Amino acid sequence: MAKNLVIVESPAKAHTIEKYLGSDFKVLASVGHIRKDTKVDKDTFDVTYEIDPDHKKIITELKKEAKAADKIWLATDEDREGESISWHLCEVLSLPKDTARITFHEITKPALENAIKNPRTVDMDMVSSQQARQTLDMLVGYDLSDMVRRKVPGAISAGRVQSPALRLIVEREKEIEKHESKFSFKISGEFDKLTANYDGKAPETEKAATELLEELAKNEFVVEDVDEAEGTKANPVPFTTASLQIEANSKLGFSARTTMSAAQGLYQAGLITYHRTDSLNLSAQAIAAISGYIKTHFGVNYLKVRHFKTKSAGAQEAHEAIRPTNITLEAAGKNTYEQKLYKLIWARTVATQMANAKVAKTTIRISHDFIAKGEVVIFDGFLKVYGNSKDTELPKLKKGDKLDLLELVAKQTFAKPPARYTEGSLVKKLEELGIGRPSTYATIMSAIQTRGYVVKGESEGEEREVIELRATPVGVADVSRRRGVRSAAARGVAREPRGDGSERRAPEREISDRTPTVERTIITEKFGANKGKLVPTPIGELVAGFLTDNFKNIVDYKFTANIEKDLDLIADAKLERVKMLKDFYKPFRDTVLVAQGIERYNNARLLGHHPESGKPIYAKVGKTGGFIQLGDNEKETNEKPTFAPLPKRKSVKTVTLEQALKQLELPALPRVVGKTEDGVELIAANGPFGPYLKGGKYNIPMKDQDPYTITMEEALPIYRAKVDSIIADWGEIMIINGAYGPYVKGPGRRNNAKIPKDKDPKKMTEAEAREMLENKPKTTKKTRRGKRGSTKKKAAKKK
């Protein structure tokens, strides 16, 4: 029997730690939180905790091993939630207050040995801070979500930290909608030795651009100035949680959740340091190891030791940046996601201790307001492992050199609207505003999307016509162009120097007596792509508007950031938890009471009237999103209105009357799609939870199909898959093989019970299924964070 029991929260972490500790240590996992807050007293802010029934067996085993062990070590993660898990373990396992609490920012043998030598007790200030956060989120979530559900069509819930994030996305969308698509003409000149851009005022009309090209084409061009200077490109700082999510989104296309999941796997395998951190610090041992690696593999001239200081005053999640635990290990990870993320972390970490890159910058100014800029890397430094730099080399020219103009091009260029947020750029903005903490960013991203308030765009953009004007100088014509072949430069092909150092020859030219003309062509370009960008749904816009109008503090950026500061003060023992909660909750509750009296929130838009009936046509937002409505509400007219879906890629704000009229011509729902071989009628319909296919007693959700256009060939496989998933059918009670395994379905919505793995669903009787439904754990709405428990929280007997 092992003398020491070490308790962590993750089985993967337990497995890694067990490799480093001797046979005197047994390592077990609590598998996340063993109990959760289920009720808060709104006067005293006392919290009621209940044990998760899924953890009963785990708790029994932990109690048994704790009783047999000589010493117990609590080794949960070093952030506030990890501290909270340790405190709950003490409470449930009846451990003494002086139980050893150990923390480490990497799972390595030296780090573990050092932690064992320097134990402490559970930090109750950190626990209080985490309790305050959970209590705040519960109070706000309960009161605010109830209000949002009753007042906003289609709304599910609203959260304290997610709401400001939603507001950011909605406000950005409004900025894009207000953007005026102004344009100007960007002019470039193709010379015999280089390409240069016009640096004067850009013409704003086609006429002005044409006249400017004609005027410029009459001139001769000489080099007026050549400026050569040496510059540097600074190496990056180490990764924090936020910067890792931002960079992984930008370079790898990872969502915040994917990044954190991969990072957690790497941490638990002992490959990287703790992944929830605000700190930029690298330990002395880490810097020494990185320095040695750089000197060995790249040379001493690539080494530049740097020490980084954390700017964030609230940095508290860990005391070191994210880095590999073994810098000599260049590749690691058990799957593609982990491998890609590890490579990114490894390269960034090495780059932090490498010399800056050196570049030679050249600026050539040409008469009549033309300018050319070039940059060449002369020492790659950190670019050897991280980042890239594209050389734009210019020819060697001196002041007074003459240049032959070959062609002038003026391209109509539209001003770009503000960019929509990606997950990465939204995390960056939240960090700048002080909203949230490293452990919450992924949850925020997930919440606003799973609630249906935000979606990731899928559009590659729309095409638009763009004017392009081309002119050749007076008396000179490019023979290749007269033959219908554009010059290499005009085709975007870079000039390459010859082997002897000379430039390639200019295109063959001939003298022409013709007065030069400006050729006008129309090209197409894509604009407005939103693929992968965060786009608010109509319901999301309604929720943001409702909260902004009625709960200004909840969506106020400074107010939310100040709450984070208060939570930091609690963790530092500078503010009492109860005082902070009282100061927040009373004014919040008063606002909730006032909001109860407001009308149901909607933004119905009158598009016009039907040309035949004269009935009004509206674009509205409902439970499942936007829709078209012909006629007023039944309560007002005693006549049921007609409904139709919005056209694809159109919103309540962008749909037109003409488009709405076409949608109203679609066949009425429900509609019969056809009959199966055994005579079952398949009916396509729309319900409160979206489109579905009805086949006999089964209502089957349709995820990708359109109920107005679905064919029998498309509907039949959906119906057959549903029938095949039914293991047993006793009328109101069925056993179904679902996406997450077999379960018992009872009458009504959400009346399901998961079948344990040790139970064979094919051998179950109706009585066993009914008993399972009757004894199933009572579920609550709150879910656990991330890997520390992803199933819904369930209440059991009070502890």
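Read on for a plain summary of the structure. No experiment lies behind these values; they were computed from the predicted model shown.

Here we come to the overall build of the protein chain. Looking only at helices and strands, the protein chain features 22 helices and 33 strands. Across the 799 residues in the protein chain, those meeting the buried criterion constitute 49%. Of the roughly 41300 Å² of accessible surface on the protein chain, 49% is carried by carbon and sulfur atoms. Taking the average place of the 135 positive charges on the side chains of the protein chain and the average place of its 112 negative ones, the gap between the two points comes to 4 Å.

Another point: the packing of aromatic side chains. Counting across every chain of the model gives 21 aromatic pairs. Residues phenylalanine 191 and phenylalanine 221 carry aromatic rings whose centres are separated by 5.2 Å and whose planes lie at 70 degrees to one another, so their mutual orientation is edge-to-face. One end of the pair, phenylalanine 191, is in strand E7 (residues 183–191); the other, phenylalanine 221, is in strand E9 (residues 221–233), with 30 residues separating them in the sequence. Note on phenylalanine 221: relative accessible area 3%, which makes it buried. Residues phenylalanine 221 and phenylalanine 370 carry aromatic rings whose centres are separated by 5.8 Å and whose planes lie at 80 degrees to one another, so their mutual orientation is edge-to-face. Here phenylalanine 221, found in strand E9, pairs with phenylalanine 370, found in strand E11 (residues 370–379); they are 149 residues apart in sequence, far enough to count as distant. Looking at phenylalanine 370, the relative accessible area reads 1%, which means it is buried. Grouped by ring-pair contacts, the aromatic residues Phe45, Phe546, Phe551, Phe559, Phe584, Tyr585 and Phe588 constitute a single cluster. Sitting over the ring of tyrosine 557, arginine 167 keeps its end group 4.3 Å from the ring centre.

With that out of the way, let us pick up the pattern of salt bridges. A complete count under the given rule lists 44 salt bridges for this structure. Put simply, lysine 26 and glutamate 65 hold a salt bridge, and the shortest N to O gap is 3.1 Å. Highlighted residues: lysine 26 in strand E2 (residues 25–29) and glutamate 65 in helix H2 (residues 56–68), separated in sequence by 39 residues. Across the pair aspartate 137 and arginine 160 runs a salt bridge whose closest N-O atoms are separated by 2.8 Å. Residue aspartate 137 is located in helix H5 (residues 124–151), and its partner arginine 160 is located in the loop between H5 and helix H6 (162–178); the two are separated by 23 residues in the primary sequence. Look at aspartate 137 and you get partly exposed, because its relative accessible area is 29%.

Direction vectors running N to C along helix H12 (residues 423–433) and helix H13 (residues 441–450) enclose 120 degrees, while the axes themselves pass 11 Å from each other. Put simply, H12 runs oblique to H13. Considering how the two elements wind past one another, H12 and H13 form a crossing that is right-handed. From H12, Glu423, Leu426, Val427, Leu430 and Glu431 reach across to H13, where they touch Tyr441, Ile444, Met445, Ile448 and Gln449. Here the residues of the contact of H12 with H13 are counted per class, giving 7 nonpolar, 1 polar and 2 charged.

What follows deals with the nonpolar core. Core analysis: the biggest nonpolar cluster contains 68 residues, and Val148 and Phe551 have the highest contact counts within it. Counting residues per element, this core draws most heavily on H5, which supplies 8 residues. When sequence neighbours within four positions are dropped, the list of residues in contact with phenylalanine 551 reads Leu144, Met147, Phe546, Phe588, Thr591, Val592 and Ala595. By size, the runner-up hydrophobic cluster in this structure holds 54 residues, among which are Phe239, Ile290, Val350 and Phe382.

A few words now on the sheet that holds strand E21 (residues 616–622). Reading across the sheet, the 4 strands line up as E20-E21-E22-E23 and stay open at both edges, with antiparallel pairing between neighbours. Of all strands in the sheet, those bounded by a partner on one side alone are strand E20 (605–609) and strand E23 (642–645). Sheet twist, expressed as the mean angle between neighbouring strand axes with direction ignored, is 30 degrees. Pairing analysis gives 4 bridges linking E20 to E21, with the strands arranged antiparallel. Paired with leucine 606 across the strands is tyrosine 618, a residue of E21.

Together, Arg600, Lys623, Arg749 and Arg750 make up a positively charged patch on the protein surface. Note that arginine 600 resides in the loop between helix H18 (577–595) and E20.

Turning next to the sheet that holds strand E26 (residues 690–695). Read from one edge of the open sheet, 4 strands run E24-E25-E26-E27, paired in antiparallel fashion. The outermost strands of the open sheet, each flanked by one partner alone, are strand E24 (671–675) and strand E27 (698–701). Averaged over all pairs of adjacent strands, the angle between strand axes in this sheet comes to 30 degrees, irrespective of strand direction. Contacts from helix H21 (residues 712–725) reach E24, strand E25 (681–687), E26 and E27, with the element oriented near 115 degrees to E27.

Here is what the cut-offs are and how they apply
Residues numbered from 1 in each chain as written. Predicted model: local features only at pLDDT ≥ 70, side-chain atom pairs only at ≥ 80, totals over all residues. Heavy atoms only, no water. Helix = DSSP H or I, 4+ residues; strand = E, 2+ residues; numbered from the N terminus. Buried < 20%, exposed > 50% of the residue type's maximum accessible area, 1.4 Å probe, protein only. Areas by Shrake-Rupley, 256 points an atom, 1.4 Å probe, with all protein chains shown as cover. Lys, Arg positive; Asp, Glu negative; His and termini not counted. Charge placed at Lys NZ, Arg CZ, Asp CG, Glu CD. Phe/Tyr/Trp six-rings, centres within 6.5 Å; stacked < 30°, edge-to-face > 60°. Lys NZ or Arg CZ within 6 Å of the ring centre and 35° of its normal. Salt bridge = Lys/Arg side-chain N within 4 Å of Asp/Glu carboxyl O. Axes fitted to C-alpha atoms, helices over the stretch in contact; angles between N-to-C directions. Parallel < 35°, antiparallel > 145°, perpendicular 65-115°, else oblique. Left-handed = near helix turned anticlockwise from the far one by under 90°. Contact = heavy atoms within 4.5 Å. Nonpolar A, V, L, I, M, F, W, Y, C, P; charged D, E, K, R; others polar. Core = buried A, V, L, I, M, F, W, Y, C linked by side-chain atoms within 4.5 Å. Pairing = 2+ DSSP bridges. Patch = residues over 30% accessible without salt bridge, like charges linked within 9 Å, V, L, I, M, F, W, Y side chains within 5 Å.

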